[in-house]
Amino acid sequence: MNVQQARIESERCLQCFDAPCTAACPTHIDVTKFIGMIRSGNILGAAEVVKTSNALANTCGSVCPQEIFCQSVCTRAQQDSPIQIRELHRFATQYERERGYSIPKVFPKKVGKVAVIGAGPSGLGCAYELAKFGYDVYVYDSGRPGGVPRNSIPSFRLADDELDLDTKFLSQFFALKRQTIDAKSFKNIVQSHGATFVAIGLGLDRSLGIPGENLKGVVPVLTFLEKAKAKPRSMKIGKKVVIVGGGNVSLDAAATAKRLGAESVILIYRRSEKEMRVWKSELEEARAQGVEIRFLTNPVKVVGKSRVTGIKCRNTRLSKKKDKTGRPIPVEVQGSDFVLEANAVIVAIGQKIKADWLGGIKRTSAGYIKVDDDFQTSLPGVFAGGDVIAGEGTVVQSVAHGKHAAQAIHEFLSAK
Amino acid sequence: MEFRSFKEIEVYPTRDLSYDFLGIHFENPFILAAAPSTDNVDMVRRAFDMGWAGAILKTTSVEGTRVDLCYPMMSTFDHEGKKLFGMGNIDLISEHHIDKVEYNVRMLKKEFPEKMVAASIMAGRKEDWQSLVQRLEEAGADLIECSFSCPQGNIGEDPGKMLAQSVSATELTARWVKEATKKIPVSIKITPHVTDIVEVAKAVKRSGCDALTASNSIQALMGIDIRTFSPYPSLGGRSTYSGMTGPAIKPITLRTIAEIARNVDIPILGTGGASTWGDSVEFMSVGAGVVQFCTVVMHYGFRVIDDLKSGMSHYLQEMKFSSPVEIIGRALPNIVTHDDLPRRTIRSHIDEELCIACDLCVVACRDGGHMAIDQRPSRIPSVDHERCVGCGLCQHVCPVDGCISMQVVP
Ligand SMILES: Cc1cc2nc3c(=O)[nH]c(=O)nc-3n(C[C@H](O)[C@H](O)[C@H](O)COP(=O)(O)OP(=O)(O)OC[C@H]3O[C@@H](n4cnc5c(N)ncnc54)[C@H](O)[C@@H]3O)c2cc1C
Ligand SMILES: Cc1cc2nc3c(=O)[nH]c(=O)nc-3n(C[C@H](O)[C@H](O)[C@H](O)COP(=O)(O)O)c2cc1C
Ligand code: SF4
């Protein structure tokens, strides 16, 4: 968007009072306020509003699925079409990038020490908020800050420098420590800080549990995306790629495989399009790249000698019974087996927690960390948020977890 | 997962926008005009908490002054999809008489000593004007604004006219008011509906009053229902003239303020059509010391103060001004008479890269200019510099920022 386009779009905003968009944004960016500022020409002010509420403002400007958040509830949609809120958000942060940054104020004096484990969206969101309260915050991560957006979200959707803008901005508020936490260091951290926030995300790909899965050329999706992002040049991908999965991550993998030069990319999914938990924009992007999607298809066996040569699949149909997620359960259709040729199979059927040092902390039935309404885990003084408590989510939700947890941590420490 | 309510912690420092004007300290240049938003003390409290620097409480008068309101009183001048481009009202002064307003001033000054609390008054007889001022000054008002632009506030020589439409009545009445004050400044709120605003301003100056509030609503007939022939706002089919306020009247106010500032040395409180921080800069650049807001608040609420303050702060930073005071009067030297304007040869230029081929400039110039823009098969129009006189119409009908520019021919 250029200045004029942004102004025209901002002028369409009704400036609703107590607006639904603000409530729908997990970080509660004051949407009407920042759009009103774009309208008056105070674009730097608009960027400040966005950055005040959302620690990863630049990142979210690129990758936030607005269709499920702010924009989905825009009042204006009842008259014609919703305001392009994320585009305006992005416009404001981009403008600030060109015009120079506002200098944040100095937060109050230090009032205590808090540790944050994991510098992904959730950890960063929490650390930012804790710093505003005046805490001395130590953020531990085994790698560079940014989490999944840094390591896995493909660079054609999120340019590295966008994320850098956020992490650079945030780095002034707390101390970043490059360290891989294990059982011992975890114990030490918990003991030496007033409170600890665990935001380690997931990180471990689920496996299919079918024969042939350990053949060469079968790759877990995170491994694939991380490598494709870190070393795109040395990355080799076969001509025929099959991806198993039905979420956004599988679409990212498919689009990435295409970009890396795969001739055919087939995504197989065991239910129908209706049940796919994906954002429309991602699905469109993948299709535009020429990705073929086969619905109602289940993998039964990876074939090949030492390297994968194909994947044996079976058709499914949807039964009347629903699973926990409310979607119909797919049933295999006997005698419908067929083999798809493949030089590579990417497994993208979800992730689980990687850490093996969370021993004493209670889990949910799905295996995530269990927390109460205040994001507190079963260990007193240990809080958690982001994907590690809720499974695969979104950047903005993870930031919001961190932000709300920070408030709970502040209350916890103040009550001590 | 439902989140509990969240109170955002400010990340950016609030810049100091304070300065002194009329011997009063203003936290920022933005105050509320005498209107419904200042008629209720709870509303003013809320506005103060949100950051408004001051308020002029809605005009009051002596006990016994009849305030005979009619409803509905509001109407709107919508323009091409924009609501309240102009807003009309047939409101009168406050229904609260002096006792209540005096009490409100006291309460507000006690709770918000750092805010500018002013009262607006209107009366007929000398003793009424004077008792109003004295009581309000006693109650702690920082400033008195006298509404000389209420149609009912006339002293009798010209029934139906506003006080500020008579130079002699303005001077006389203003003098009464000033005489009755001890220390606090008095501002006279005038109307732009006069033949010569400068004469009125000079009369105020001669009276010894401290400032002018320029100006007020513009008398207007807000519209007619073309099927029932009922004017707006319709009260059972009938209506009367309204006072029009809001964005539509901004250029009129700018001219009024500028004309006073160019000719009379007197502080000015600007009101009439300001909605944004940018409008405020404009008001101040032609001579206003502070800016009053009414319609934008009635439309969007007190919350607009956030952008007013933030926008002004960024503007000052960009311009390297240390205080809003530096804006006051900056544009005045650039306002000259028609005779003093430079005579140059100007031609229109269309940036073909930016042009979106709507051809609006073609039709505007063809039927309203000098038939100097030619259509082309590509739809990208071309200006004939022989026929173009450089009037600038095409530039203003062009929907694309920066596409058409007026260039000087050396
Ligand atoms: C491929 C992909 C694409 C996505 N696309 C989008 C999108 O477009 N939009 C969107 O909103 N969301 C998207 N998401 C989801 C989003 O990225 C996640 O919901 C979000 O990153 C979760 O944040 P988090 O902070 O909980 O965890 P993470 O982002 O996983 O961050 C966890 C951090 O903890 C660190 N860590 C883990 N273990 C340790 C340890 N033992 N010691 C030290 N540090 C440790 C990791 O290094 C990492 O930096 C996508 C996810 C994936 C996988
Ligand atoms: C409903 C309404 C009531 C008003 N009442 C008064 C009043 O009692 N006294 C007064 O001096 N001005 C009154 N005004 C005029 C405002 O103070 C202000 O000067 C005018 O609205 C122009 O400013 P704006 O364009 O920001 O609204 C009133 C305006 C409106 C809209
Ligand atoms: S604005 Fe409020 S007071 Fe006026 S008519 Fe509507 S509800 Fe009634």
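Please read these numbers as outputs of a predicted model, since none were measured by experiment.

Structural notes on the overall build of chain B
Each helix and strand counted, chain B has eleven helices and 18 strands in total. Overall, the C-alpha framework of chain B stretches about 75 × 60 × 50 Å when taken along its three principal axes. Of all intrachain contacts in chain B linking residues separated by at least 6 positions in sequence, the fraction that spans at least 24 positions is 69%. Per element, the accessible surface of chain B, about 19,300 Å² overall, is 52% carbon and sulfur. Of the charged side chains in chain B, 42 are positive and 52 negative, and the gap between their average positions amounts to 2 Å.

Here's the deal with the packing of helix α5 (residues 197–207) of chain B against helix α6 (residues 250–263) of chain B
Residues and elements named next belong to chain B. Between α5 and α6, the shortest axis-to-axis distance is 9 Å and the interhelical angle comes to 55 degrees. Judged by the angle between their axes, α5 and α6 are oblique. The two elements α5 and α6 cross, and the hand of that crossing is right-handed. Across from I197, V198 and A201 in α5, the residues of α6 making contact are R255, T256, E259, I260 and N263.

Digging into the confidence of the model for chain B
Residue and element names in this part refer to chain B. Scored by pLDDT, chain B comes out at a mean of 94, with 96% of its residues at no less than 70. pLDDT under 50 marks residues 153–157. Its contacts with residues more than four places away, or in other chains, come to 13 contacts. Across the whole predicted complex the pTM is 0.95, and at the interface the ipTM reaches 0.94.

Section: the packing of aromatic side chains
Aromatic ring pairs: the centre-centre distance and the angle between the two ring planes describe each pair. Residue and element names in this part refer to chain A. The final tally for this structure, using the stated rule, is 16 aromatic pairs over all chains. Measuring from centroid to centroid gives 5.4 Å for Y128 and F173, while their planes differ by 50 degrees, and the two rings are tilted. You can see Y128 sitting in helix α7 (residues 121–133) and its partner F173 sitting in the loop between α9 (160–171) and β3 (175–178), a full 45 residues away along the chain. Taking relative accessible area as the criterion, F173 reaches 9% and is therefore assigned buried. For the cation-ring pair, K51 lies above F169, with the distance from its terminal atom to the ring centre recorded as 4.1 Å. Taking the ring centre of F156 as reference, the NZ or CZ of R259 above it sits at 3.8 Å.

Thoughts on the interface of chain A and chain B
At the junction of the two partners, chain A supplies 47 residues and chain B supplies 26 residues. In total, about 2,900 Å² of surface goes out of reach between chain A and chain B, with carbon and sulfur atoms giving 53% of it. Summed over the shared surface of chain A and chain B, the result is five salt bridges. Between chain A and chain B we count 18 residue pairs in polar contact (both at pLDDT 80 or more) in total.

Side note on empty space enclosed by the protein
All names here are of chain A. All chains considered together, the criterion is met by six cavities of 30 Å³ or more. Estimated volume of the largest cavity: approximately 120 Å³. Lining the largest cavity are 14 residues, with C25, I29, C64, C70 and H89 positioned closest to its centre. Elements supplying a minimum of two residues to the lining of the largest cavity: α3 (31–40) and α6 (85–99). Looking at which element gives the most residues to the lining of the largest cavity, the answer is α6, with three residues. Partitioning the lining of the largest cavity into residue classes produces ten nonpolar, three polar and one charged.

Remarks on the site of ligand 1
Residue and element names in this part refer to chain A. In the vicinity of ligand 1 there are 32 residues, among which V63, S122, D141, R157 and V395 approach most closely. P121 is positioned such that a nitrogen or oxygen atom in its backbone is 3.2 Å from an oxygen atom of ligand 1. Between ligand 1 and S142, the relevant distance is 3.3 Å, taken from a nitrogen atom to a main-chain nitrogen or oxygen of the residue. The set of elements that each furnish at least two residues to the shell around ligand 1 consists of α7, α8 (147–151), α11 (221–230), α12 (248–259) and α15 (395–415). When residues in the shell around ligand 1 are grouped by element, the largest group, three residues, is from α8. Class assignment of the residues belonging to the shell around ligand 1 gives a composition of 16 nonpolar, twelve polar and four charged. Each of domain 2 (113–202 + 352–414) and domain 3 (207–349) accounts for three or more of the residues forming the shell around ligand 1.

Quick look at unusual backbone geometry
Residues and elements named next belong to chain B. Along the chain, A214 connects to S215 via a cis peptide bond; the corresponding omega equals -5 degrees. With respect to the element layout, S215 can be found in the loop between β10 (211–214) and β11 (218–220). In this chain, Y232 is followed by P233 through a cis amide linkage whose omega measures -10 degrees. Tracing the sequence through the fold places P233 in the loop between β11 and β12 (242–245).

With respect to the pattern of salt bridges
Side chains bearing opposite charge may pair, as long as their charged atoms lie close to each other. Residue and element names in this part refer to chain A. Within the structure shown, the criterion is met by 50 salt bridges over all chains. E162 serves as the salt-bridge partner of R90, at 4.0 Å between the closest nitrogen and oxygen. A residue pair is termed long-range when its members are at least 10 positions apart, and R90 in helix α6 and E162 in helix α9 qualify at 72 residues. The exposure class assigned to R90 is partly exposed, which follows from its relative accessible area of 27%. The class for E162 is buried, based on a relative accessible area of 6%.

Topic: the domain arrangement of chain B
Domain assignment breaks chain B into domain 1 (19–334) and domain 2 (342–408). Summarising the inter-unit geometry, the C-alpha centres of domain 1 of chain B and domain 2 of chain B are found 41 Å apart.

Analysis parameters
- Sequence order sets the numbering: in each chain, residues are counted from 1 along the sequence as written.
- Chains carry letters and ligands carry numbers; both start at the beginning, A for chains and 1 for ligands, and go up in the order they are written.
- With the structure being a predicted model, the display of local features is reserved for residues of pLDDT at least 70 and the display and counting of side-chain atom pairs for 80 or more, all residues being used for whole-chain, interface and lining totals.
- Here the side-chain values reflect all heavy atoms present in the structure, with hydrogen atoms and water set aside.
- The helix and strand labels rest on DSSP assignments: H or I over at least four residues marks a helix, E over at least two residues marks a strand, and numbering proceeds from the N terminus.
- Here, two residues are considered to be in contact whenever any of their heavy atoms come within 4.5 Å of each other.
- In these tables, accessible area is a Shrake-Rupley quantity obtained with a 1.4 Å probe, and a residue counts as shielded only by the protein chains included in the view.
- His is not counted here, nor are the chain ends, while Lys and Arg score as positive and Asp and Glu score as negative.
- To locate a charge, take atom NZ for lysine, CZ for arginine, CG for aspartate or CD for glutamate.
- Only C-alpha atoms enter the line fits that serve as axes; for helices the fit covers just the stretch in contact. Angles between N-to-C directions range over 0 to 180 degrees.
- Any angle from 65 to 115 degrees is called roughly perpendicular, while one under 35 is roughly parallel, one over 145 is roughly antiparallel, and all others are oblique.
- Two helices crossing with the near one rotated counterclockwise from the far one by less than a right angle form a left-handed crossing, whereas a clockwise rotation gives a right-handed crossing.
- What pLDDT conveys is the predictor's confidence in a given residue, as a value from 0 to 100.
- Any pair of Phe, Tyr and Trp rings, taking the six-membered ring for Trp, is counted once the centres come within 6.5 Å. Such a pair is stacked with planes under 30 degrees apart, edge-to-face with planes over 60 apart, and tilted for the rest.
- Throughout, exposure labels follow a simple rule: accessible area from a 1.4 Å probe, protein chains only, divided by the maximum for the residue type, with under 20% read as buried, over 50% as exposed, and the rest as partly exposed.
- Cation placement over rings: the criterion is NZ of Lys or CZ of Arg within 6 Å of the ring centroid and within 35° of the ring normal.
- Two parts placed together each lose some accessible area under a 1.4 Å probe, and the buried area is that loss summed for both.
- When a carboxyl oxygen of Asp or Glu lies within 4 Å of a side-chain nitrogen of Lys or Arg, that pair is called a salt bridge.
- Pairing of N or O atoms within 3.5 Å defines a polar contact, subject to two protein rules: one partner must be a possible hydrogen donor and the other a possible acceptor, and residues neighboring in sequence count only if both atoms are side-chain atoms.
- Both site types are read off a 1 Å grid over the protein atoms alone. A 1.4 Å probe that fits but cannot get out defines a cavity, while an open set with protein on both sides within 12 Å along at least five of seven lines defines a pocket; lining residues have an atom within 4 Å of a point.
- Grid points are joined across faces, edges and corners, and a volume is the space filled by probe spheres set on the points.
- Residue polarity is assigned by list, with Asp, Glu, Lys and Arg as charged and Ala, Val, Leu, Ile, Met, Phe, Trp, Tyr, Cys and Pro as nonpolar; anything else, Gly included, falls into the polar class.
- Being near a molecule or strand, for a residue, means having at least one of its heavy atoms within 4 Å of it.
- Boundary definitions for the domains trace back to an automatic or database domain assignment.

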